[in-house]
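Residue-level listing of the chains:
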Amino acid sequence: MTQSIAIITGSTLGGAEYVADHLADVLESQNFQVQVENNASFADVAEQKLWLVVTSTHGAGEVPDNLLPFLAEVKNQDLTDVHFAVVGLGNSDYDLFCGAVDVVEQALTAQSAVQICPSLRIDVTQVDDHDQAAEDWLPMFLTKI
Ligand SMILES: Cc1cc2nc3c(=O)[nH]c(=O)nc-3n(C[C@H](O)[C@H](O)[C@H](O)COP(=O)(O)O)c2cc1C
C-alpha cells in the first residue's frame, strides 16, 4: 500500500522550503505519496496521519509567520491519530537555536500527536548542504513509521 506523508513548512527566506522539496523528491522516489504545504491550514492535512514539519526559526526562537496560523488551528484539535517528526533549520549564533522545533514539538504533543523520532536541527553555520543533512536523517524517520 502506498503510504502518504504531509510535509508542512515554516520558512521566511525559503531555505526550509527547499529542504522540504528535496525531502519530497526523495520520498516520492521511494514511492511515498507526498503532499507539501507551504502555507498550511489544518484542513489541508486533516486527512493525513503522518506529518513531517520542516521549519526554520526566526525572531528570537520563533516560528516563521507562514506556520503560525496552522499552529493556532492545531490548538483546537485532537491529534491522537497523528504521527510526526520535525526538521529544523537554525543558526547556533542565536540564543534559541532552532527554537521553532521546540515550539512545534510542544504544540503537536500537547494535542496528543505522537513524535516518532528525535528532531533534526540543522545548524546553517556548520552544515553547507542542508538537503543532504535532511536526507541523511530521513531513514531514522522512515524506520519508525
Ligand atoms: C531575523 C532572523 C532571526 C533569526 N532567529 C533565529 C533564532 O532565534 N534561532 C535560530 O536557530 N535561528 C535563527 N535565525 C536563522 C534562520 O533560522 C536560518 O537562517 C534559516 O536557515 C532560515 O531559513 P528560511 O530561509 O527557511 O527562513 C534567524 C534568522 C534571521 C534572518
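Our structure's up above, just so we're on the same page.
Residues numbered from 1 in each chain as written. Predicted model: local features only at pLDDT ≥ 70, side-chain atom pairs only at ≥ 80, totals over all residues. Heavy atoms only, no water.

Counting residues in each nonpolar core, the largest one holds 27 residues, and the members touching the most others are Ile 7, Leu 52 and Phe 141. For this core, the secondary structure elements donating two or more residues are β1 (4-10), α1 (15-29), β3 (50-56), β4 (83-90), β6 (120-123) and α5 (130-142). When residues in this core are grouped by element, the largest group, 7 residues, is from α1. The residues contacting Ile 7, other than those within four sequence positions of it, are Ala 20, Leu 23, Ala 24, Leu 27, Val 34, Gln 35, Val 36, Glu 37, Leu 52 and Val 54. Within the second largest apolar cluster, 23 residues are counted, among which are Val 45, Leu 67, Phe 70 and Leu 71. (Core = buried A, V, L, I, M, F, W, Y, C linked by side-chain atoms within 4.5 Å. Buried < 20%, exposed > 50% of the residue type's maximum accessible area, 1.4 Å probe, protein only. Helix = DSSP H or I, 4+ residues; strand = E, 2+ residues; numbered from the N terminus. Contact = heavy atoms within 4.5 Å.)

With that settled, the discussion passes to α1. For α1, with 15 residues, the first-to-last C-alpha span of 22 Å sits near the 21 Å given by 1.5 Å per residue. Taken as a whole, α1 has its buried residues at Ala 16, Val 19, Ala 20, His 22, Leu 23, Ala 24, Val 26 and Leu 27. For α1, the elements touching its buried residues are β1, β2 (33-37), β3, β4 and α5. One or two steps after α1, the chain reaches Asn 31, where phi turns positive at roughly 70°. (Expected span 1.5 Å × (residues − 1).)

What follows covers the environment of Glu 62. Along the polypeptide, Glu 62 turns up in the loop between β3 and α3 (68-74). Using a relative accessible area of 44% as the deciding quantity, one classes Glu 62 as partly exposed. A sequence separation of 28 residues divides Glu 62 from Gly 90, and the C-alpha atoms of the two residues are 11 Å apart. Beyond its immediate chain neighbours, meaning those up to four positions away, Glu 62 contacts Ser 56, Thr 57 and Ala 100.

To continue, consider the pattern of salt bridges. Counted under the stated rule, the structure contains 2 salt bridges. In this structure, Glu 105 and Arg 121 form a salt bridge, with 3.9 Å as the shortest nitrogen-oxygen distance. Of this pair, Glu 105 sits in helix α4 (residues 99-109) while Arg 121 sits in strand β6, and the two are 16 residues apart along the sequence. You can call Glu 105 buried: its relative accessible area is 15%. Through salt bridges with shared partners, one network takes in Asp 102, Glu 105 and Arg 121. (Salt bridge = Lys/Arg side-chain N within 4 Å of Asp/Glu carboxyl O.)

A few words now on the packing of aromatic side chains. Under the criterion given, the structure shown has 3 aromatic pairs. Of the aromatic side chains, those joined through ring pairs into one cluster are Phe 42, Trp 51 and Phe 70. (Phe/Tyr/Trp six-rings, centres within 6.5 Å; stacked < 30°, edge-to-face > 60°.)

Surveying the vicinity of the ligand reveals 20 residues, the closest of which are Ser 11, Gly 15, Thr 57, Gly 61 and Cys 98. Separating an oxygen atom of the ligand from a backbone N or O atom of Gly 14 is a distance of 3.1 Å. Asn 91 has a polar backbone atom sitting 3.1 Å from an oxygen atom of the ligand. About the coverage of the ligand: the protein hides 81% of its 650 Å² of free accessible area. With respect to the pocket detection grid, the ligand is positioned in the largest pocket. When contributions to the shell around the ligand are tallied by element, the ones reaching two or more residues are α1 and β4. (Near = heavy atom within 4 Å. Polar contact = N/O pair within 3.5 Å; in protein donor to acceptor, adjacent residues only side chain to side chain. Areas by Shrake-Rupley, 256 points an atom, 1.4 Å probe, with all protein chains shown as cover. 1 Å grid on protein atoms, 1.4 Å probe; cavity = no way out; pocket = protein on both sides within 12 Å on 5 of 7 lines; lining within 4 Å. Sits in = over half its atoms within 2 Å of the grid points.)

By volume, the largest pocket amounts to about 300 Å³. Around the largest pocket sit 20 residues that line it, and Ser 56, Thr 57, His 58, Leu 89 and Gly 90 are the ones nearest its centre. Where the lining of the largest pocket is concerned, the elements lending two or more residues are α1 and β4. For the lining of the largest pocket, the class distribution of residues is 8 nonpolar, 12 polar and no charged. (Points joined across faces, edges and corners; volume = space filled by probe spheres on them. Nonpolar A, V, L, I, M, F, W, Y, C, P; charged D, E, K, R; others polar.)

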